[in-house]
Each structure stands twice: as C-alpha cells, then as structure tokens.
Amino acid sequence: MKLKIEEIPHSGFHLKKVLDADSLMGISRDNRGVGFTFDAPISLDLKVAKSKRDVFIHGRIATRLIMKCSRCLGKFDYPLISNFECIFSPSEYRSTTEDLELEIQDLGLSFYQDEEIDISEVVLEQIILDIPFKSLCHDNCRGLCNECGKDLNRDMCECSHKDVFNKGFSKLRDFKVESRK
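Predicted model, so just to flag it, every value in this text is computed and none were measured.

Conventions we followed
- Residues numbered from 1 in each chain as written.
- Predicted model: local features only at pLDDT ≥ 70, side-chain atom pairs only at ≥ 80, totals over all residues.
- Heavy atoms only, no water.
- 1 Å grid on protein atoms, 1.4 Å probe; cavity = no way out; pocket = protein on both sides within 12 Å on 5 of 7 lines; lining within 4 Å.
- Points joined across faces, edges and corners; volume = space filled by probe spheres on them.
- Helix = DSSP H or I, 4+ residues; strand = E, 2+ residues; numbered from the N terminus.
- Nonpolar A, V, L, I, M, F, W, Y, C, P; charged D, E, K, R; others polar.
- Phe/Tyr/Trp six-rings, centres within 6.5 Å; stacked < 30°, edge-to-face > 60°.
- Buried < 20%, exposed > 50% of the residue type's maximum accessible area, 1.4 Å probe, protein only.
- Patch = residues over 30% accessible without salt bridge, like charges linked within 9 Å, V, L, I, M, F, W, Y side chains within 5 Å.
- Areas by Shrake-Rupley, 256 points an atom, 1.4 Å probe, with all protein chains shown as cover.
- Salt bridge = Lys/Arg side-chain N within 4 Å of Asp/Glu carboxyl O.

Caption draft 1: Looking closely at the layout of surface pockets. Of the volumes computed, that of the largest pocket is approximately 360 Å³. If you go around the largest pocket, you meet 16 residues; those closest to its centre are Phe111, Tyr112, Ile117, Asp118 and Glu121. Every element with two or more residues in the lining of the largest pocket is listed here: strand E6 (75-90), strand E7 (109-112), strand E8 (116-118) and helix H2 (119-130). Its residues assigned to classes, the lining of the largest pocket comprises 6 nonpolar, 3 polar and 7 charged.

What follows is the structure, encoded as structure tokens:
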C-alpha cells in the first residue's frame with residue numbers, strides 16, 4: 001500500500017483500512033526470524049498530515065498474533081495494539097555522514113524516496129517493534145523441566161530439582177572464603 005506524497009492535501013486526511021496479513025508478510029525480505037504469525041487481519045487507523053515535504057503519520061494498529069512462549073515453547077494468542085508516530089522526510093535530506101550522533105528528535109525520523117511511502121513497511125516495522133523481547137504465554141509460566149523436558153505448567157515431573165548445579169562450576173562447589181576481621 002503506497003502513499004503518494006503529492007496526493008496528500010495540506011489539511012491531511014484520515015485513513016481507516018484493514019490489511020490482509022499475508023500481503024503484509026510478503027513485503028518482508030526475510031520474515032523467517034520474526035517469531036510470530038498473524039491470527040487476524042490488521043486494522044489501521046491513520047492520520048496523515050503534510051508540512052512542505054515532510055509527512056507526519058499518527059497511527060493505531062490492532063491485530064492478533066500467534067507467538068511461541070520463551071519458557072514452555074507453547075503457542076499462544078497475543079493481542080497487539082500499537083500507537084505510533086512517524087515523521088518522513090525526503091531522502092535527499094538524509095545526512096551522508098554516518099558518524100553523526102543521533103539526538104532524541106531523530107529517533108522517529110524516517111526517509112522516503114520516489115515521492116511515496118510504503119505504509120505496509122511502516123505497519124510491519126511498528127508491529128515488530130511492539131512485540132515483547134521475551135514472549136510469555138502468561139506471567140506465571142513455569143517453563144520446561146531442564147532434565148526431562150516436561151511442560152511444568154501441565155504436569156509435575158519426577159526429576160530431582162534439589163541439587164541443580166552447573167557442572168562447569170563444580171570445582172567452585174566447595175570453595176570457601178575466609179573472612180578477615
């Protein structure tokens with residue numbers, strides 16, 4: 001979904017649209033490592049404004065993802081609602097010096113070229129930025145047993161969890177430090 005810069009009125013416009021998840025994942029060059037799949041269409045609510053050649057997008061994305069829990073490896077539904085703001089400037093304004101220090105106002109700045117912005121890329125980027133770094137099916141997930149691999153949320157295992165010690169540190173098990181007084 002492309003947004004043509006010359007078609008944006010100076011007063012701006014409001015865009016509500018529902019995107020198909022398959023078409024959104026198709027824009028990613030390498031979507032194998034994103035760690036989720038879509039379980040629902042993506043609802044967009046965007047306010048687009050323009051000032052000279054800069055474009056301002058205030059948006060809200062709502063969808064539902066299927067993710068894998070970091071502890072128990074089970075799949076779970078993750079409702080995602082993301083509010084975001086982006087500022088786009090023409091790519092000729094981009095500095096060619098790579099050693100410049102970023103300032104706080106530069107963090108939301110993106111660039112466009114060929115007088116258009118691909119909204120699908122913006123949406124996918126915002127979804128990826130909004131998913132948790134460590135996804136959990138619920139806050140109290142107990143994970144998998146590190147000996148037998150049983151899901152501890154469903155069953156208790158018969159493994160002995162008393163003497164769990166990393167064998168790489170076995171030489172330090174009996175290490176004692178004398179206190180000096």
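Caption draft 2: Region of interest: the packing of aromatic side chains. Per the stated rule, a full pass over the model turns up 1 aromatic pair. Arranged with centres 5.4 Å apart and planes meeting at 90 degrees, the rings of Phe36 and Phe38 form a pair that is edge-to-face. Classification of Phe36 by relative accessible area gives buried; the value is 5%. Residue class for Phe38 comes out buried when judged on its relative accessible area of 14%.

Caption draft 3: Structural detail: a nonpolar patch on the surface. Side chains of Phe169, Leu172, Phe175 and Val177 sit close together on the surface and give an oily, nonpolar patch of about 470 Å² of accessible area. For Val177, the location among the structural elements is in the segment after H2. What makes Val177 exposed here is its relative accessible area of 69%.

Caption draft 4: Structural detail: the pattern of salt bridges. Following the criterion strictly, the structure yields 2 salt bridges and no others. The shortest N-O distance in the salt bridge between Arg64 and Asp39 comes to 3.0 Å. With Arg64 in strand E5 (residues 54-68) and Asp39 in the loop between strand E3 (36-38) and strand E4 (42-51), this pair connects stretches of sequence that are 25 residues apart. We classify Arg64 as partly exposed; its relative accessible area is 35%. For Arg154, the salt bridge identified is with Asp151, shortest N-O distance 3.7 Å. Exposure remark for Arg154: the relative accessible area of 69% places this residue in the exposed category.

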